[in-house]
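Chains, contacts and geometry: an overview
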Amino acid sequence: MDLVDKMDENEWNYHGEGNKSLVVSHVQMSRVLRLLKYSSEDAENAPQTTEETFRQMENIVDFSNNVMSPLLGDKFVHSGEVVKLPLEFVRQLSIKVQHHRPAWRCDKVMDIYSGAALCLPNLTTPSIPTHNPPLCVEIKPKCGFLPSPEHVSKDIKTKVCRHCMHQRYKVASGKWKRKSLYCPLDLFSGNRQRMYFAIKHLIEEPQNNFKIFKGGKCIHGDRDEMLSVSSLLQKLRPYFSCGNGRSKTVLHDFIQVLVDSLLSSDEEGDEGVERRLEGRMVCEASLCSTEFLRTDPQPLPRDSVLGRILQVQLLDSLDIEGLLPLYRRVEQYLHHFPKERSRLQIDGPYDKAFLEKLQKCPAEDDGSIEYAVAKVQQYRVAMTAKDCSIMVTLVPRRDEEDGSERAAFSFSASILDLDPKPQDGVRRQQRLDHRVVSAYLRDDPGPSPPLYPECTLLIHPV
């Protein structure tokens, strides 16, 4: 894409940021630029060369194009392209966006030395004329299943999902003031009632797992863009004014549209994700009614956005505990034969051969280094799917076929944040897993009562 005529920092606005990158959006073009970040301790000196930074960016695009896109589906993935920006433009842009950044994100600074950026479509501003600005909802769903009992040392891991355990750890460590009641297993259950309450809990306590954009502007999200639920519903009411306009109706209709979009599948007779997860889709920490949890799971349509993500997450078949011996085998081998790192594609290139090795991994351990590498790579890919984001774009329209106007939307879903996880991240995950589980067991107050014990939810079409 030609950005030569768009190199005026005044035409770009702060859009958001994650742990490793910062995003700016253009005021007219439906495009965003994603720039890397690094520790503020490295503000005076770049932590890596320009060539290394461009290689890192190209690795992200290759991994998205050649690995995640075939696994998740081309229709959901936008890989973007690497572009080189004038350094003066980048420096001025860094100055401009600095005062828009959340204080808790300022421990890292934007890369102003390489000029490398990733150019992507701005999914919050689809170029479709509408009577109301489009809505866009960003969800970070997290892991949607419990590990198999045969690979874990603590029984609690087969009863309480990692996200719910991690919530207590984050609150205790001061990262969040309040615990979110959201449970990923409810969202991935395929049960519309459980999915309803999962989204409702995300709205009530979004943390950094849920954001709502209106006309490209974030109106509800993490610490710095947090509306009360009643204030949020006021902003959503124009989209659902065909009903009685009551807040409960607006909330119900909004969530139903999201559930529809997350379950939408283009395949007729979609049988859903396989039943090998039976018994591993219910979390004891979920506050849904036990009546909902006892309901037979309705498998996610395999071709839905949640179904595709869950299938990639399931590449982690061993849990971090079962994977660790194989990871040690790889590390010991590379210690003795460091030149083999390239042949085994430990750090890429992320091409078709990489994906083929990952997909053709034998079912049983044959003791080979190739088997161990393939299982570690499967785990890394699964971790990317566990940490990805879903962007649901809702474009309002009117349905008048039945003679009465009712709220309706055209919707599309995309999957973002598909960077490859580093090889040395396996060790960090093992240490974090130990800390999270140990803290949960130490502070476990016992099972919680259901939040909605007498509630029956009736689902009506929107």
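Being a predicted model, the structure only gives us computed values, none of them experimental.

**So, the overall build of the protein chain**
- Along the backbone of the protein chain there are 14 helices and 11 strands.
- Residues classed as buried in the protein chain amount to 52% of the 462 residues present.
- Element-wise, carbon and sulfur atoms account for 49% of the exposed surface of the protein chain, whose accessible area totals about 21,800 Å².

**What to know about the nonpolar core**
- In terms of nonpolar packing, the biggest core is built from 64 residues, with Val 67, Phe 254 and Leu 262 touching the most fellow members.
- Among the elements that take part in this core, helix α7 (residues 247-263) stands out by supplying nine residues, more than any other.
- Other than its neighbours up to four places away in sequence, Val 67 contacts Asp 62, Tyr 350, Phe 354, Leu 355 and Val 381.
- Membership of the second largest hydrophobic core comes to 20 residues, among which are Leu 318, Ile 320, Leu 323 and Tyr 327.

**A word on the state of the cysteines**
- The tally for this structure, following the rule as stated, stands at zero disulfides.
- Cys 288 takes part in no disulfide bond, and the closest cysteine sulfur, belonging to Cys 183, lies 8.0 Å away.
- When its relative accessible area of 2% is taken as the criterion, Cys 288 is described as buried.

**What about the pattern of salt bridges?**
- Tallied over the entire structure, the rule returns 27 salt bridges.
- Two residues, Arg 101 and Glu 17, come together in a salt bridge whose shortest N-O distance is 2.9 Å. Remark: Glu 17 occurs in strand β1 (residues 12-17) and Arg 101 occurs in the loop between α2 (87-98) and β5 (108-110); sequence separation between them is 84 residues.
- Under the relative-accessibility criterion, Arg 101 is labelled buried at 7%.
- Of the charged contacts in the structure, one is a salt bridge between Asp 433 and Arg 162, with a shortest N-O distance of 3.5 Å. One end of the pair, Asp 433, is in helix α14 (residues 425-443); the other, Arg 162, is in helix α3 (residues 162-172), with 271 residues separating them in the sequence.
- Residue classification places Asp 433 among the buried positions, given a relative accessible area of 8%.
- Through salt bridges that share partners, Lys 157, Arg 162, Asp 319, Glu 321 and Asp 433 make up one connected network.

**Section: the confidence of the model for the protein chain**
- Per-residue confidence for the protein chain gives a mean pLDDT of 88, with 86% of residues at or over 70.
- When pLDDT is averaged over each helix and strand of the protein chain, the minimum, 60, is found for helix α8 (residues 290-294) and the maximum, 98, for helix α13 (residues 369-386).
- Between residues 450-454, whose pLDDT stays under 50, and residues either more than four places distant or in other chains, the model counts 13 contacts.

**Considerations on the pairing of strand β8 (residues 210-214)**
- Buried residues dominate β8, accounting for four of its five residues.
- The loop that links β8 with its antiparallel partner strand β9 (residues 217-220) comprises two residues; one of these, Gly 215, has a positive phi angle of about 60 degrees.

**Quick notes on the packing of helix α5 (residues 192-204) against α7**
- Viewed as axis vectors pointing N to C, α5 and α7 meet at an angle of 115 degrees, and their least axial separation amounts to 10 Å. Handedness of the α5/α7 crossing: right-handed. Of the residues in α7, those touching α5 at Arg 192, Met 195, Tyr 196, Ile 199, Lys 200 and Ile 203 are Leu 251, His 252, Phe 254, Ile 255, Gln 256, Leu 258, Val 259, Asp 260, Leu 262 and Leu 263.
- Of the residues belonging to the contact of α5 with α7, the class tally is 11 nonpolar, two polar and three charged.

**Details of the environment of His 220**
- Of note, His 220 is situated in strand β9.
- Taking C-alpha positions, His 220 is 9.7 Å from Ser 231, a pair spaced 11 residues apart along the chain.
- Polar side-chain contacts of His 220 include one of 2.9 Å to the backbone oxygen of Ile 203.

**As for the side chain of Arg 380**
- As for its position among the elements, Arg 380 is in helix α13.
- Here Arg 380 is buried and forms no salt bridge, its nearest opposite-charge partner Asp 347 lying at an N-O distance of 5.4 Å.
- Polar side-chain contacts of Arg 380 include one of 3.3 Å to the side chain of Gln 423.
- In contact with Arg 380, other than residues within four places in its own chain, are Ile 346, Tyr 350, Lys 421, Pro 422 and Gln 423.

**Re α2**
- For α2, with 12 residues, the first-to-last C-alpha span of 17 Å sits near the 16 Å given by 1.5 Å per residue.
- Inspection of α2 places Phe 89, Val 90, Leu 93, Ser 94 and Val 97 among the buried residues, and these make up the whole buried set. The arc that holds the buried residues of α2, viewed along the axis, is 140 degrees, so those residues lie on one side.
- Check the buried side of α2 and you find it contacts β1, β2 (21-26), β3 (31-39) and β5.

Calculation rules
Residues numbered from 1 in each chain as written. Predicted model: local features only at pLDDT ≥ 70, side-chain atom pairs only at ≥ 80, totals over all residues. Heavy atoms only, no water. Helix = DSSP H or I, 4+ residues; strand = E, 2+ residues; numbered from the N terminus. Buried < 20%, exposed > 50% of the residue type's maximum accessible area, 1.4 Å probe, protein only. Areas by Shrake-Rupley, 256 points an atom, 1.4 Å probe, with all protein chains shown as cover. Core = buried A, V, L, I, M, F, W, Y, C linked by side-chain atoms within 4.5 Å. Contact = heavy atoms within 4.5 Å. Disulfide = S-S within 2.5 Å. Salt bridge = Lys/Arg side-chain N within 4 Å of Asp/Glu carboxyl O. pLDDT = per-residue confidence, 0-100. Pairing = 2+ DSSP bridges. Axes fitted to C-alpha atoms, helices over the stretch in contact; angles between N-to-C directions. Left-handed = near helix turned anticlockwise from the far one by under 90°. Nonpolar A, V, L, I, M, F, W, Y, C, P; charged D, E, K, R; others polar. Polar contact = N/O pair within 3.5 Å; in protein donor to acceptor, adjacent residues only side chain to side chain. Lys, Arg positive; Asp, Glu negative; His and termini not counted. Expected span 1.5 Å × (residues − 1). Arc of directions from axis to C-beta.

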